[in-house]
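# Descriptive analysis of the structure
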Amino acid sequence: MEYTIEKAKKELMDLQRKLAAYNHAVELIYYDSVTTAPKNTADNRAVTLPILSEEIYKLTTCDQSVSLLEYLDANKDKLNEKEHRMVYLMLKDIKEMRKIPVDEYVAYQELIVNAEDVWHKAKEASDFALFCPILEKIFETNKKFAKYIEPDKDPYDHCLSQFEEGLNKEILDNFFSSIREKLVPLIKKISEVKQVDDSIRSGYYPIDKQEELSYYLMKTIGLDLDRVGLSTTEHPFTISLGSQKDVRITTHYFEDDFVSSMYSVVHEGGHALYDSNSADDLAFTVLDGGTSMSIHESQSRFYENIIGRSKAFCEYIFPKLCELFPDEMKGKTAHDIYLAVNKAEPSLIRTEADELTYSLHVMIRYELEKKVMAGELAVKDLPAEWNKMYKEYLGIDVPDDKHGVLQDSHWSGGAVGYFPSYALGNAYGAQFLSKMSESIDIYDCISKGDFEAINQWNRENIWQYGRLYTPAQILDRVLGEKFSPDYYIDYLTKKVADVYGI
């Protein structure tokens, strides 16, 4: 086909819009499956999603698309920065997808659909044996695809780099070594002092009132409720449907604990702020959305923990808590909330973990994935190794699979290599805090419930760029220095000292 540069640029945008439309359909079906779809409807999706996935594969890898992108790549000097990045990312995806046989690609999409359904049933029954056969296939397929795409690279390094460009085991081994060295003694130290009172978390908190609190929190942190929706699910998540113009967050309510959903909403709200604030001209392109999962998690964990568990935030929302839950809040203070939500104590569930112990939950999952991908641990032995590591690192006994190896949905979705993003995100967020504090009185803003300056800083430095820059480029542009976990360790040390008086 004969191209002119202007015609090729138009076809580039048309191709991305068409791909965005297909992905929109896939995302809607997935979102429905984990929110409102009846329990036994997976068979329907197992037919529809592989067909849509095959169409996406064909459209992405067909000769016409490749020819277009190769022409643009050969004329990159005539492209602007955004167009150049679009072509680079799309060619990278094509080169990777073309190395995977289409029948195997489609079969994997079907496998993931079924895995989600089986995981839900296995978790409900607390029966890993039910999930084990399909999880074995997921790990084996990830190994096989990694070898197809980068045959000379360690398979787990490939998986890690899919979620954080440039990430590998060497980087993570050093990161987690530093975290373990500094945080484990701190966890031991607080175990030897009097624990804070978190009894305010327990009581009767009606779900309708918690839902009202959710919308209040969403508005407080600056979400546009005309573009960001809320629903419930087993494992809370955030998803953009088609583009940043339609973002959905989810939560999970417990009548005897309002804190769980409250921080789930603020966490997912951080993701939604990032997704919904990509520049408008990135909509329906491959640049729409966050640049990596670690940068994404830096935003969700920033809003959940650095903001949401601060004294200023607890003081600001306390009157609303008194309004919604007058009986439970009677005789309590904002400081009681602050102490309760910052209690540091080893626990079973990652999503409920405190800031201090959270990254150890992630480290356990990283070590397990690393062993399985290296062939050093059989999938069937995951529960025993999981339980052993929870005892070793956190000092707790795991009572069953539901509260252990089956608690997270990530493996059922094929997200091997995702978990380290959470810990890195925590550390990125602490370093962003230090930089932001140079120009903004963050906690004064929070105490007034005015998030505009905070959100504008994030929008200018991170959100607006979507995937235009790599994670390393974002860090370099924002920080002007190398990433260091020391900011995170220092932040946690000061927080623990304040809460425990040590």
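Before any of the text, the structure's been laid out above.
Remember, predicted model here, so these are calculated numbers, not experimental data.

## Brief notes about the overall build of the protein chain
When you go through the protein chain residue by residue, the secondary structure sums to 21 helices and three strands. Taken over the C-alpha trace, the protein chain has a radius of gyration of 23 Å; the compact-globule value for 502 residues is 23 Å, and the two agree within 12%. If one aligns the C-alpha atoms of the protein chain with their principal axes, the spans along those axes are about 75 × 50 × 45 Å. With 502 residues in all, the protein chain has 57% of them scored as buried. At a minimum sequence separation of 6, the contacts of the protein chain that also span at least 24 residues come to 74%.

## Comments concerning the environment of Lys448
By secondary structure assignment, the location of Lys448 is in the loop between helix 18 (442–447) and helix 19 (452–461). A C-alpha to C-alpha distance of 9.6 Å links Lys448 and Glu315, two positions 133 residues apart in sequence. In this structure the side chain of Lys448 is engaged in a polar contact, spanning 3.0 Å, whose partner is the side chain of Asp444.

## Structural notes on the sheet that holds strand 3 (residues 247–251)
The sheet built from three strands is open, its strands ordered 1-3-2 with mixed pairing. This sheet does not close on itself; its edge strands, each paired only once, are strand 1 (228–232) and strand 2 (238–240). Each strand of the sheet is rotated relative to its neighbour by a mean of 20°, with strand direction disregarded. Against the sheet, helix 1 (residues 5–33) engages strand 1, strand 2 and strand 3, with an angle of about 155° to strand 2. Contacting strand 1 and strand 3, helix 9 (residues 207–220) runs over the sheet at an angle of about 150° to strand 1.

## A look at the environment of Glu323
Mapped onto the elements of the fold, Glu323 is located in helix 12 (residues 311–324). For the pair formed by Glu323 and Lys209, sequence separation is 114 residues and the distance between their alpha carbons is 9.7 Å.

## Digging into the environment of Ser126
Mapping Ser126 onto the fold places it in the loop between helix 5 (102–125) and helix 6 (128–149). Measuring from C-alpha to C-alpha, the distance between Ser126 and Asp397 comes to 16 Å, with 271 residues separating the pair along the chain. Here Asp401 takes part through its backbone nitrogen, which lies 3.2 Å from a polar atom of the side chain of Ser126.

## Observations regarding the state of the cysteines
What the rule picks out here adds up to zero disulfides. Just so you know, Cys132 is unpaired, no disulfide at all, and the nearest cysteine sulfur is the one on Cys159, 18 Å from it. Residue class for Cys132 comes out buried when judged on its relative accessible area of 9%. Summary of cysteine pairing: Cys314 is not part of a disulfide, and the nearest cysteine sulfur, belonging to Cys322, is at 12 Å.

## Here's the deal with the packing of helix 8 (residues 169–191) against helix 15 (residues 355–373)
Interhelical geometry of helix 8 versus helix 15 gives an angle of 140° and a closest axis separation of 9 Å. By the criterion of interaxial angle, the relationship of helix 8 to helix 15 is oblique. Seen from above, helix 8 lies across helix 15 with left-handed handedness. Within the contact between the two elements, helix 8 uses Lys169, Leu172, Asp173, Phe176, Ile179, Arg180, Leu183, Val184, Leu186, Ile187 and Ile190 and helix 15 uses Leu356, Thr357, Ser359, Leu360, Val362, Met363, Tyr366 and Lys370. For the contact of helix 8 with helix 15, a count of residues per class yields 13 nonpolar, two polar and four charged.

## Regarding the packing of aromatic side chains
The full count for this structure, using the stated rule, is 25 aromatic pairs. On the basis of an interplanar angle of 70° and a centroid distance of 6.4 Å, the ring pair of Tyr31 and Phe237 is categorised as edge-to-face. Placement of the pair is Tyr31 in helix 1 and Phe237 in the loop between strand 1 and strand 2, with a sequence separation of 206 residues. Relative accessible area serves as the criterion here: at 10%, Tyr31 is assigned to the buried category. Between Phe175 and Phe483 the ring centres are 6.2 Å apart and the planes differ by 40°, which places this aromatic pair in the tilted class. Residue Phe175 is located in helix 8, and its partner Phe483 is located in the loop between helix 20 (471–479) and helix 21 (486–500); the two are separated by 308 residues in the primary sequence. Taking relative accessible area as the criterion, Phe483 reaches 28% and is therefore assigned partly exposed. Within the aromatic cluster, the residues linked to one another by ring pairs are Phe139, Phe163, Tyr358, Trp411, Tyr418, Phe419 and Tyr422.

## Topic: a negative patch on the surface
A cluster of acidic residues, Asp208, Glu211, Glu255 and Asp256, forms a negative patch on the protein surface. Within the element layout of this structure, Glu255 appears in the loop between strand 3 and helix 10 (258–276). By relative accessible area, Glu255 is classed as partly exposed at 39%.

## Topic: the pattern of salt bridges
In this structure the tally under the stated criterion is 38 salt bridges. The residue Glu83 makes a salt bridge to Lys9 at a minimum N-O spacing of 3.3 Å. Residue Glu83 is located in helix 4 (residues 81–98), and its partner Lys9 is located in helix 1; the two are separated by 74 residues in the primary sequence. Classification of Lys9 as buried rests on a relative accessible area of 17%. Glu345 serves as the salt-bridge partner of Lys343, at 3.6 Å between the closest nitrogen and oxygen. Lys343 gets classed as buried once you look at its relative accessible area, which sits at 16%. By sharing partners, the salt bridges in this structure join Asp173, Glu367 and Lys370 into a single network.

About the cut-offs
- Residues numbered from 1 in each chain as written.
- Predicted model: local features only at pLDDT ≥ 70, side-chain atom pairs only at ≥ 80, totals over all residues.
- Heavy atoms only, no water.
- Helix = DSSP H or I, 4+ residues; strand = E, 2+ residues; numbered from the N terminus.
- Rg over C-alpha atoms; globule rule 2.2 N^0.38 Å.
- Buried < 20%, exposed > 50% of the residue type's maximum accessible area, 1.4 Å probe, protein only.
- Contact = heavy atoms within 4.5 Å.
- Polar contact = N/O pair within 3.5 Å; in protein donor to acceptor, adjacent residues only side chain to side chain.
- Pairing = 2+ DSSP bridges.
- Axes fitted to C-alpha atoms, helices over the stretch in contact; angles between N-to-C directions.
- Disulfide = S-S within 2.5 Å.
- Parallel < 35°, antiparallel > 145°, perpendicular 65-115°, else oblique.
- Left-handed = near helix turned anticlockwise from the far one by under 90°.
- Nonpolar A, V, L, I, M, F, W, Y, C, P; charged D, E, K, R; others polar.
- Phe/Tyr/Trp six-rings, centres within 6.5 Å; stacked < 30°, edge-to-face > 60°.
- Patch = residues over 30% accessible without salt bridge, like charges linked within 9 Å, V, L, I, M, F, W, Y side chains within 5 Å.
- Areas by Shrake-Rupley, 256 points an atom, 1.4 Å probe, with all protein chains shown as cover.
- Salt bridge = Lys/Arg side-chain N within 4 Å of Asp/Glu carboxyl O.
- Lys, Arg positive; Asp, Glu negative; His and termini not counted.
- Charge placed at Lys NZ, Arg CZ, Asp CG, Glu CD.

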